[in-house]
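An overview of the molecular structure
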Amino acid sequence: LVQDGLMKAAPVPLAGAKRLAKSLAGIPQSYGQGGCTRIAAWGTLAKDYFLAAGVPPDRIELVGCPRFDRILAAPPPRADLDGLLPPASRRILYLTSAEAKFKYYSAEEQRNSRLALLRAPQALDATCPGVRLVIKLHRDDDIRAAHELVRASGEASTCTVLQHETDVYFLLRGCDVA
């Protein structure tokens, strides 16, 4: 099983759902329990989900995100982001996901976690001054809402929000932590 996007207890609305239900008749309801011999989990969040769903640990393999394997295999030279972003001694890149779309978290939980994230540069300032948070939005995120949250947090001087069209590989090469 190689799938990381359907991890929830509620039924997933799909085209042809009745046909799918017939083809899955007799398979246990918990996602990850459908008879596959191994599960490729992108990260610890997915692994924890499958463990909680009762999948034996020896059937779960942490594989990372294949999309970024080429960067980890041979890190390219640091990209110069000074034309795109204000200067910073260190940059933390946060790539958002479609959290609101899949309703893993309530709107309040999502807002609170993002506010905490926005405060990271300030919390790090004593030990690592000049840290800048770079947020690259998922295509389903609303950039106006993201900018409003940054303004409301009071962290506009340490945070930059970029639309989803910005090249992720370029940003990864220009940031210190992702």
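Now for a quick tour of the structure. (Residues numbered from 1 in each chain as written. Predicted model: local features only at pLDDT ≥ 70, side-chain atom pairs only at ≥ 80, totals over all residues. Heavy atoms only, no water.)

In this structure, Glu-155 sits in the loop between helix H7 (143–153) and strand S5 (159–162). Excluding residues that lie within four positions of it along the chain, Glu-155 makes contacts with Leu-118, Arg-119, Gln-122 and Val-150. (Helix = DSSP H or I, 4+ residues; strand = E, 2+ residues; numbered from the N terminus. Contact = heavy atoms within 4.5 Å.)

Turning next to the environment of Ala-88. For Ala-88, the location among the structural elements is in the loop between helix H3 (69–73) and strand S3 (90–95). For the pair Ala-88 and Thr-158, spaced 70 residues apart in sequence, the C-alpha to C-alpha distance is 9.0 Å. Discounting chain neighbours no more than four positions away, the residues touching Ala-88 are Gly-130 and Arg-132.

All right, on to the nonpolar core then. Ile-92, Leu-115, Leu-118, Val-131, Leu-133, Ile-135, Leu-137, Ala-146, Leu-149, Val-150, Cys-159 and Val-161 together form the largest nonpolar core, which totals 12 residues. Within the residue set of this core, elements represented by two or more residues are helix H5 (107–118), strand S4 (131–136), H7 and S5. Leu-81, Leu-93, Val-134 and Tyr-169 belong to the second-largest nonpolar core, a separate cluster that totals 10 residues. (Core = buried A, V, L, I, M, F, W, Y, C linked by side-chain atoms within 4.5 Å. Buried < 20%, exposed > 50% of the residue type's maximum accessible area, 1.4 Å probe, protein only.)

Let us now look at empty space enclosed by the protein. What the rule picks out here adds up to 1 cavity of 30 Å³ or more. Of the volumes computed, that of the largest cavity is approximately 80 Å³. Lining the largest cavity are Thr-96, Arg-114, Leu-117, Leu-118, Ile-135, Leu-137, Ala-146, Leu-149, Val-150 and Val-161. Every element with two or more residues in the lining of the largest cavity is listed here: H5 and H7. Across the lining of the largest cavity, the residue classes tally to 8 nonpolar, 1 polar and 1 charged. (1 Å grid on protein atoms, 1.4 Å probe; cavity = no way out; pocket = protein on both sides within 12 Å on 5 of 7 lines; lining within 4 Å. Points joined across faces, edges and corners; volume = space filled by probe spheres on them. Nonpolar A, V, L, I, M, F, W, Y, C, P; charged D, E, K, R; others polar.)

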